[in-house]
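# Understanding the architecture of this molecule
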Amino acid sequence: MFSSLLESAKNNQFYSPIYARCEAGQGESRSVELKSNDLVLGRTISAASAEVGDSCEYGSLKYYALCGFGGVLSCGITHTAVVPLDLVKCRIQTNPAKYKSIFNGFSVTVKEDGMRGLGKGWAPTAIGYSLQGLGKFGFYEVFKKIYSGILGDELSYTWRTSLYLAASASAEFFADIALCPLEAAKVRIQTQPGCPPHLRKVAPAILKNEGFMGFYKGLAPLWMRQIPYTMMKFACFERTVEAIYKHIVPKPRDECSKSEQLIVTFAAGYIAGVFCAVVSHPADTVVSKLNQTEEHCY
């Protein structure tokens, strides 16, 4: 499955474009067949570099499924792994008088709840961000395909940054609808004193006391946080990868080993993550405050 995912990513139409110089009256350029009236003199065009016999065709249902599965793994695992840090962050946002800093927040939490207290909210985090990752990565490729089909191959490459931004914003809009109920439960578990630490108890309590819309009262600020975050993540990542291969890596991407490509991917992801955090932090505080309640949730 993982080899199929790698091949699918390599088959992406924006992965390794073939450049061709257009000349009026020329019907074929670099194995890309175009009608003469589609060509613009002097313009550089691009086409996908797909190999015959790829195990997963770009735009197929299997391709979208593998992208969604990759999102489940990446978002679900990483967000669950940093639950202790997320817990302290949420408590600082909702009760800064008690939790004065990161280190103080960890100290107070361990003193009151023990080491197990740092894991509060792991279940809604794992489920919620797995669902969000499924929608984010899966729908990103779907919308990228749709929008590139509307623009055409040439404009899709010329305006690829705008295409990344539009596709990622559209994907995150729907992904957050799946995430929001679990995010509401997570924040209550992590920040509300006396709230039971189990999703199976908190979710029915929210439904009973606040109704179904209690799960979605933080949806608008969640969109405000996650949509700019995801737009920055995908656009910055894609363009950073391009820049690294163009200005830093001393050989073409096709000549790099898988380990070298993985290093570039991690570097670009780290750089994109820094910008994501800066963009999304103000709305993140709003999400925590809106999901905070003084009433008991059980």
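Predicted model, so just to flag it, every value in this text is computed and none were measured.

### Some thoughts on the nonpolar core
If you look at the biggest cluster of nonpolar residues, it comprises 16 residues, and the most contacted ones within it are Cys180, Ala185, Leu199, Val202, Ile206 and Tyr216. Here this core takes five residues from helix α7 (residues 160–191), the largest share from any one element. One finds Phe143, Leu163, Ala167 and Ala171 within the second-largest nonpolar core, a separate group that totals eight residues.

### Considering the confidence of the model for the chain
Confidence in the prediction of the chain, expressed as mean pLDDT, is 81, and 76% of residues score 70 or more. Taking the mean pLDDT of every element in the chain, the minimum, 37, falls on strand β1 (residues 18–21) and the maximum, 95, on helix α5 (residues 122–151).

### Considering the packing of α5 against α7
Relative orientation of the contacting elements α5 and α7 amounts to 165°, with a least axis distance of 6 Å. Judged on the interaxial angle alone, α7 and α5 are roughly antiparallel. Crossing of α5 over α7 shows right-handed handedness. Residue composition of the contact of α5 with α7, grouped by class: 21 nonpolar, seven polar and six charged.

### Looking at the pattern of salt bridges
Using the criterion set out here, one finds 15 salt bridges in the structure. Here Glu242 makes a salt bridge to Arg160, at a shortest N to O gap of 2.9 Å. Here the residue Glu242 occupies a position in helix α9 (residues 219–247), and Arg160 occupies one in helix α7, the gap between them amounting to 82 residues. Here Lys217 and Glu210 are joined by a salt bridge, their closest N and O atoms 3.6 Å apart. Residue Lys217 is classed as partly exposed on the basis of its relative accessible area of 37%.

### A short note on the side chain of Thr125
Locating Thr125 in the fold gives a position in helix α5. Within polar-contact distance, the side chain of Thr125 engages the backbone oxygen of Gly121 at 2.7 Å. Sequence-distant contacts of Thr125, defined by excluding residues within four places in its chain, comprise His79, Thr80, Val83, Ser130 and Lys186.

### Some points on the side chain of Gln132
With respect to the helices and strands, the residue Gln132 is situated in helix α5. Since its relative accessible area comes to 0%, Gln132 is described here as buried. Residues within four places of Gln132 in sequence aside, it is in contact with Cys75, Glu172, Ala175, Asp176, Leu179 and Gln226.

Calculation rules
- Residue indices begin from 1 for each chain and proceed along its sequence in written order.
- For a predicted model such as this one, the threshold for reporting local features is a pLDDT of at least 70, and the threshold for listing and counting side-chain atom pairs is 80 or more; totals across whole chains, interfaces and linings nevertheless cover every residue.
- Calculated side-chain values reflect all of the structure's heavy atoms, with hydrogen atoms and water omitted.
- Here, nonpolar core means buried Ala, Val, Leu, Ile, Met, Phe, Trp, Tyr and Cys residues that are tied together by side-chain atoms lying within 4.5 Å of each other.
- Remark: exposure states derive from per-residue accessible area (1.4 Å probe, protein chains only) relative to the maximum for the residue type, with buried under 20%, exposed over 50%, and partly exposed in between.
- Here a strand is any run of E in DSSP of at least two residues, a helix any run of H or I of at least four, and the numbering for each starts at the N terminus.
- Residue-level confidence of the predictor, termed pLDDT, takes values from 0 up to 100.
- Lines are fitted to the C-alpha atoms to define the axes, a helix being fitted only along its stretch in contact, and any angle between axes, read from their N-to-C directions, falls within 0 to 180 degrees.
- In what follows, roughly perpendicular refers to angles from 65 to 115 degrees, roughly parallel to angles under 35, roughly antiparallel to angles over 145, and oblique to any angle outside these ranges.
- The sense of a crossing depends on the near helix, which, turned anticlockwise from the far helix by less than a right angle, makes the crossing left-handed and, turned clockwise, makes it right-handed.
- In this count, Pro and Cys sit with the nonpolar residues alongside Ala, Val, Leu, Ile, Met, Phe, Trp and Tyr, while Asp, Glu, Lys and Arg are called charged and the others, Gly among them, polar.
- A pair is scored as a salt bridge if a Lys or Arg side-chain nitrogen falls within 4 Å of a carboxyl oxygen belonging to Asp or Glu.
- Nitrogen and oxygen atoms within 3.5 Å of one another constitute a polar contact, given that in protein one can donate a hydrogen and the other can accept it, and given that sequence-neighbouring residues count only through two side-chain atoms.
- Contacts were defined at the residue level, with two residues in contact if any of their heavy atoms lie within 4.5 Å.

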